[in-house]
Amino acid sequence: MKWYYADNGEQVGPVSEEDFQRLTRENKISSKTLVWHSGMADWQEYGKVRVSDAETELKAKITGNSGESFCSECARAFPRDDMIRYGDSWVCSSCKPAFFQKLKEGMNVGNDMRYAGFWIRFGAKIIDGIILGVLNSFLSDLAQIAESPFLPIHLFLLQIIIATAYTTWLLGKFGATIGKMACKIKVVTDDGGKISYARAFGRYFAEILSSIMLLIGYIMAAFDEQKRTLHDRICNTRVIRK
Ligand SMILES: [Zn+2]
């Protein structure tokens, strides 16, 4: 990583990481010196950069986050190394010019998460239900045609495995099942980041809990300011509109 810093109002750099560290040890760069490296939205005092870099690292460790975030402009996932951070938002390199244009024009930018309400989520569920239903009936037809020694319990287990894999893979990979994609909603972490496969897997089973409680787990979303269901609470996820 190449650094730039301000010395008596002059921009100095690029300097390498080692040179930069040496300059900080020699106090040529203090916590009050304005510095910049690629990935930063703007020049900042070195003291603040150090704190926010440490925070990002810690956060990534705690959440087990893969180091990817959703761009607050185009909503696609990118490695954070390729993005710039502005406040709580991340912006990918291709959206950067448009983002700065908006900033200049004083428009409202950032990661204001728009939480998806009950009905749009319900709509997404129905679409997923239809897809899985078609798959399931296809499977049971197949089992009959083949006159296989499949017992209903085997078929049932297979259907659970398919539903689990469908949900886990799509949520882990795209943040949305096909139903959610169609409804333009997405499952994210509490800070708007991408959810891991492990979290997607856990969430699938937490969701079963929501449904066996006479759907009370789903209805909870109506009374929550962030529209969280029970399984969102258990897995610390949010469902947002893209
Ligand atoms: Zn983008």
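Procedures and definitions
- Residues numbered from 1 in each chain as written.
- Predicted model: local features only at pLDDT ≥ 70, side-chain atom pairs only at ≥ 80, totals over all residues.
- Heavy atoms only, no water.
- UniProt positions renumbered as here; feature names shortened; annotations may be inferred.
- Helix = DSSP H or I, 4+ residues; strand = E, 2+ residues; numbered from the N terminus.
- Rg over C-alpha atoms; globule rule 2.2 N^0.38 Å.
- Buried < 20%, exposed > 50% of the residue type's maximum accessible area, 1.4 Å probe, protein only.
- Contact = heavy atoms within 4.5 Å.
- Domains from an automatic or database assignment.
- Buried area = accessible area lost by both parts, 1.4 Å probe.
- Salt bridge = Lys/Arg side-chain N within 4 Å of Asp/Glu carboxyl O.
- Donors = N, O, S within 2.8 Å, 3.2 Å for Na, K, Ca; no water.
- Tetrahedral: all angles 85-135°; square planar, octahedral: opposite > 155°, others 65-115°.
- Pairing = 2+ DSSP bridges.
- Axes fitted to C-alpha atoms, helices over the stretch in contact; angles between N-to-C directions.
- Parallel < 35°, antiparallel > 145°, perpendicular 65-115°, else oblique.
- Left-handed = near helix turned anticlockwise from the far one by under 90°.
- Nonpolar A, V, L, I, M, F, W, Y, C, P; charged D, E, K, R; others polar.

An unreviewed UniProt entry lists the chain under the name GYF and RDD domains-containing protein, with Desulfonema magnum given as the organism. UniProt, in the comment section headed Subcellular location (unreviewed entry), describes the chain in these words: "Cell membrane".

Looking only at helices and strands, one finds 9 helices and 10 strands in the chain. A compact globule built from 242 residues should have a C-alpha radius of gyration of about 18 Å, whereas the chain, at 23 Å, is more than 25% larger. Expressed as lengths along the three principal axes of its C-alpha atoms, the size of the chain is roughly 80 × 35 × 30 Å. A total of 242 residues make up the chain; the buried ones form 36% of that total. Counting contacts in the chain only where the partners sit at least 6 residues apart, residues at least 24 apart contribute 51% of the total.

On to the domain arrangement of the chain. When its domains are assigned, the chain resolves into domain 1 (3-104) and domain 2 (118-241). Distance from the C-alpha centre of domain 1 to the C-alpha centre of domain 2: 37 Å. Taken together, the contact pairs 7 residues of domain 1 with 8 residues of domain 2. Carbon and sulfur atoms supply 49% of the area buried between domain 1 and domain 2, which totals about 720 Å² over both sides. A salt bridge links Glu-68 to Lys-194, with the shortest nitrogen-to-oxygen separation between them at 3.6 Å.

Quick look at the coordination of the zinc ion now. Around the zinc ion, the protein contributes the donor atoms Cys-71 (SG), Cys-74 (SG), Cys-92 (SG) and Cys-95 (SG), which lie 2.3 Å from the metal centre. The coordination sphere of the zinc ion comprises 4 donor atoms, whose angles at the metal cover 102 to 119 degrees; the geometry is tetrahedral. Here the donor residues for the zinc ion map to a single chain with the spacing C-x2-C-x17-C-x2-C. Taking relative accessible area as the criterion, Cys-71 reaches 2% and is therefore assigned buried.

Once that is clear, we can look at the side chain of Thr-164. Structurally, the position occupied by Thr-164 is in helix α5 (residues 152-174). Contact partners of Thr-164, with chain neighbours within four places excluded, come to Phe-201, Tyr-204 and Phe-205.

A few words on the sheet that holds strand β3 (residues 34-37). The sheet built from 4 strands is open, its strands ordered β2-β1-β3-β4 with antiparallel pairing. On the outer flanks of this sheet lie β2 (10-15) and β4 (44-45), each paired with one strand and no other. Pairing analysis gives 3 bridges linking strand β1 (residues 3-7) to β3, with the strands arranged antiparallel. Note on β3: the bridge partner recorded for Tyr-4 is Trp-36.

What follows deals with the environment of Ala-163. Topologically, Ala-163 is positioned in helix α5. Of the residues examined, Ala-163 reaches a relative accessible area of 11% and is grouped as buried. It is 10.0 Å that separates the C-alpha atoms of Ala-163 and Ile-131, two residues lying 32 residues apart in sequence. Beyond its immediate chain neighbours, meaning those up to four positions away, Ala-163 contacts Leu-132 and Tyr-204.

As a further point, take the UniProt feature "domain: GYF" (unreviewed entry) in the chain. Here the UniProt feature "domain: GYF" (unreviewed entry) sits at residues 3-49. Between the C-alpha atoms that bound residues 3-49 the distance is 12 Å, and the span itself is 28% helix and 36% strand.

Viewed as axis vectors pointing N to C, α5 and helix α7 (residues 197-212) meet at an angle of 135 degrees, and their least axial separation amounts to 8 Å. Considered as vectors, α5 and α7 are oriented oblique to each other. For the element pair α5 and α7, the recorded crossing hand is right-handed. Side by side, α5 and α7 meet where Ile-160, Ala-163, Thr-164, Thr-167, Thr-168, Trp-169, Leu-171, Gly-172 and Lys-173 of the first sit next to Tyr-197, Ala-200, Phe-201, Arg-203, Tyr-204 and Phe-205 of the second. Split by residue class, the contact of α5 with α7 holds 9 nonpolar, 4 polar and 2 charged.

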